[in-house]
Protein chains: 2
Amino acid sequence: MAEVEGKIRLFVEAPLGPDATVALDPAQAHYLFAVMRLGQGDRVAIFNGRDGEWLAEVASVGKRIGTLAVVAAGQPQRVPPDVWLIFAPIKKARTDFIVEKAAELGAARIQPVFTRFTNSERLRPERLRAHAIEAAEQCGETYVADVAEPVKLAALLDGWDPARRLMFCDEGRTARPAAEALADAPRGPWAILIGPEGGFAPEEVARLRAMPWVLPVTLGPRVLRADTAVCAALTIWQATLGDWPAEGGG
Amino acid sequence: MAEVEGKIRLFVEAPLGPDATVALDPAQAHYLFAVMRLGQGDRVAIFNGRDGEWLAEVASVGKRIGTLAVVAAGQPQRVPPDVWLIFAPIKKARTDFIVEKAAELGAARIQPVFTRFTNSERLRPERLRAHAIEAAEQCGETYVADVAEPVKLAALLDGWDPARRLMFCDEGRTARPAAEALADAPRGPWAILIGPEGGFAPEEVARLRAMPWVLPVTLGPRVLRADTAVCAALTIWQATLGDWPAEGGG
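Note that the coordinates shown come from a computational prediction; the quantities given were computed from them, not determined experimentally.

Q: For this particular structure, what's the right way to read the overall build of chain A?
A: The helix and strand tally for chain A stands at 7 helices and 14 strands. For chain A, whose C-alpha radius of gyration is 20 Å, the value lies close to the compact-globule estimate of 18 Å for 250 residues. Seen through its principal axes, chain A has C-alpha atoms that stretch 60 × 40 × 30 Å. Out of the 250 residues in chain A, the part that is buried amounts to 55%. Long-range contacts, defined here as pairs at least 24 residues apart, represent 74% of the contacts in chain A between residues at least 6 apart. For chain A, the accessible area works out to roughly 10,400 Å², and carbon and sulfur atoms hold 53% of it. Distance between charge centres in chain A, computed from 28 positive and 32 negative side chains, equals 4 Å.

Encoded structure:
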């Protein structure tokens with residue numbers, strides 16, 4: 001739940017349209033009525049990730065219960081640029097941060113992977129999903145990044161669709177700089193792979209480099225933490241092939 | 001204090017050269033001997049931000065005391081790309097994060113500013129400096145971003161050197177996309193200005209837009225948090241005018 005430029009934006013599960021009414025869950029009702037002090041007739045923006053943004057009015061207020069009624073259309077539904085972020089989970093706070101940043105930077109899908117050198121702490125996808133929803137509320141987006149169940153890197157590569165290119169952020173520093181490599185690369189479906197703090201195992205690097213749809217890139221002369229690399233790689237992708245250029249794209 | 005690719009890197013204040021010995025402070029000695037379990041003859045990389053990186057050997061070990069002796073030259077001293085990050089402090093954890101990320105992404109100087117809508121919590125520059133040092137240790141860099149004392153934005157602009165261009169990350173969304181605007185911009189000294197969560201006041205925006213050395217840019221269609229905007233703006237600057245391209249620059 002987030003306030004963007006003075007406007008509260010709330011993600012809801014219910015279908016939305018011109019005459020929709022939405023029953024709030026207890027946490028949402030508490031946030032709107034107890035924390036933000038909204039009352040009957042006050043307005044919020046709501047979205048469900050599928051039906052665009054709508055302006056809604058508080059129609060009924062209760063203790064941890066209430067309803068919103070749609071009163072006007074807001075932003076139309078946007079289609080996310082087709083880029084996935086694939087990352088190896090690290091410490092809990094930095095994993096949360098990676099999900100928040102990937103969602104804010106407009107990834108369509110966030111895929112945790114276990115690599116050979118991943119310290120496989122238990123991941124809670126529902127917790128990560130909550131971060132992705134909060135980021136969508138906060139950044140004014142109409143879609144929510146899809147947080148996938150964690151998988152092993154080898155299994156993910158076994159089932160890879162060759163039509164989806166993979167930007168592989170290689171710590172070996174022998175690849176081309178990311179911005180330059182992406183400027184020459186085709187549009188279409190993409191994914192970005194960021195390794196664990198311990199780097200990839202040599203056999204993982206060899207497999208990745210041998211796949212024709214993999215584009216190895218470097219992110220400058222410094223060793224970036226995984227969370228920094230996520231921000232940098234998504235920024236360069238969005239600025240080059242995604243929806244940051246004025247002319248659109250992605 | 002950080003371990004990069006299995007090598008411990010330690011920032012020290014002392015002058016460094018072929019025959020230097022360095023007295024460890026209690027925290028450094030505790031880290032090397034108690035935490036990392038180093039003993040006499042073990043090696044670490046040390047740097048002081050001025051004299052390049054050196055390999056040093058543990059020469060004496062005590063309880064919260066000890067010395068290192070330089071045994072070989074490491075990386076030569078690098079000159080940072082001449083880019084400053086100017087940001088309005090936000091919540092403590094996110095301010096710490098901004099300093100860490102700005103240092104990792106190679107800013108030469110980090111300048112906190114108070115703008116009209118900055119919630120001016122007390123800042124502790126020595127704490128921010130510790131984050132910048134840790135980031136330099138971690139990312140393998142030989143220089144440490146200089147963390148300046150906080151100043152008011154108006155005072156900073158009053159004394160601005162017109163030779164230093166300022167990339168102004170404008171939430172108004174009427175400016176050009178950052179990557180496109182920087183591709184046409186000259187090299188030389190730069191600064192990046194990221195506003196507070198509440199945005200800039202209209203008179204601040206008007207003043208910035210009227211200054212000939214200011215380049216307003218946008219960072220995509222989503223509302224980025226200040227810490228995300230810092231990562232994105234520095235990434236685009238480094239990839240365009242900084243030291244990320246293979247051919248060097250900055």
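Q: Please explain the interface of chain B and chain A as it appears in this structure.
A: Bring the parts together and some accessible area is lost; that lost area is often taken as the interface size. At the junction of the two partners, chain B supplies 39 residues and chain A supplies 39 residues. Summing the contributions of chain B and of chain A, the shared interface buries around 3,100 Å²; its carbon and sulfur component is 54%. When the buried surface of chain B facing chain A is broken down by residue, B:Arg222, B:Arg225 and B:Trp244 rank first, second and third, together holding 24% of it. At the junction of chain B with chain A, the criterion picks out 14 salt bridges. A salt bridge links B:Glu100 to A:Arg94, with the shortest nitrogen-to-oxygen separation between them at 2.7 Å. Counting the contacts that link chain B with chain A gives 20 residue pairs in polar contact (both at pLDDT 80 or more). Ranked by residues supplied to the side of chain B that touches chain A, first place goes to helix α7 (residues 226-240) of chain B with 8 residues. Residues of the side of chain B that touches chain A, tallied by class, amount to 19 nonpolar, 6 polar and 14 charged.

Q: Help me out: how do you make sense of the pairing of strand β7 (residues 83-87) of chain B in this one?
A: If a strand is regular, its side chains alternate between the two faces of the sheet. All names here are of chain B. Along β7, 5 of the 5 residues are buried, which leaves the element largely enclosed by surrounding structure. Residues Val83, Leu85 and Phe87 point to one face of β7 and Trp84 and Ile86 to the other, with burial holding for every one of them. Pairing geometry for β7 and strand β13 (residues 190-194), over 5 bridges, is parallel. For Leu85, the partnering residue across the bridge sits in β13 and is Ile192. Pairing geometry for β7 and strand β8 (residues 109-114), over 4 bridges, is parallel. Each bridged residue has a counterpart across the sheet, and for Phe87 the counterpart in β8 is Pro112. Between β7 and its parallel partner β8, the chain crosses via helix α2 (residues 92-104), and the hand of that crossover is right-handed.

Q: Whenever I open this one, the packing of helix α7 (residues 226-240) of chain A against α7(B) confuses me. Can you help?
A: Describing two packed helices takes the angle between their axes plus the distance from one axis to the other. Between α7(A) and α7(B), the shortest axis-to-axis distance is 9 Å and the interhelical angle comes to 65°. Here α7(B) runs roughly perpendicular to α7(A), going by the angle between their axes. Here α7(A) and α7(B) pass one another in a crossing that is right-handed. On the side of α7(A), the interface is formed by A:Cys231, A:Ala232, A:Thr235, A:Ile236 and A:Ala239, while α7(B) contributes B:Cys231, B:Ala232, B:Thr235, B:Ile236 and B:Ala239. Class assignment of the residues belonging to the contact of α7(A) with α7(B) gives a composition of 8 nonpolar, 2 polar and no charged.

Procedures and definitions
- Residues numbered from 1 in each chain as written.
- Chains lettered and ligands numbered in written order.
- Predicted model: local features only at pLDDT ≥ 70, side-chain atom pairs only at ≥ 80, totals over all residues.
- Heavy atoms only, no water.
- Helix = DSSP H or I, 4+ residues; strand = E, 2+ residues; numbered from the N terminus.
- Rg over C-alpha atoms; globule rule 2.2 N^0.38 Å.
- Buried < 20%, exposed > 50% of the residue type's maximum accessible area, 1.4 Å probe, protein only.
- Contact = heavy atoms within 4.5 Å.
- Areas by Shrake-Rupley, 256 points an atom, 1.4 Å probe, with all protein chains shown as cover.
- Lys, Arg positive; Asp, Glu negative; His and termini not counted.
- Charge placed at Lys NZ, Arg CZ, Asp CG, Glu CD.
- Buried area = accessible area lost by both parts, 1.4 Å probe.
- Salt bridge = Lys/Arg side-chain N within 4 Å of Asp/Glu carboxyl O.
- Polar contact = N/O pair within 3.5 Å; in protein donor to acceptor, adjacent residues only side chain to side chain.
- Nonpolar A, V, L, I, M, F, W, Y, C, P; charged D, E, K, R; others polar.
- Pairing = 2+ DSSP bridges.
- Right-handed = clockwise from strand over helix to strand, strands pointing away.
- Axes fitted to C-alpha atoms, helices over the stretch in contact; angles between N-to-C directions.
- Parallel < 35°, antiparallel > 145°, perpendicular 65-115°, else oblique.
- Left-handed = near helix turned anticlockwise from the far one by under 90°.

So far we have only geometry, and geometry alone does not tell us how the molecule works.
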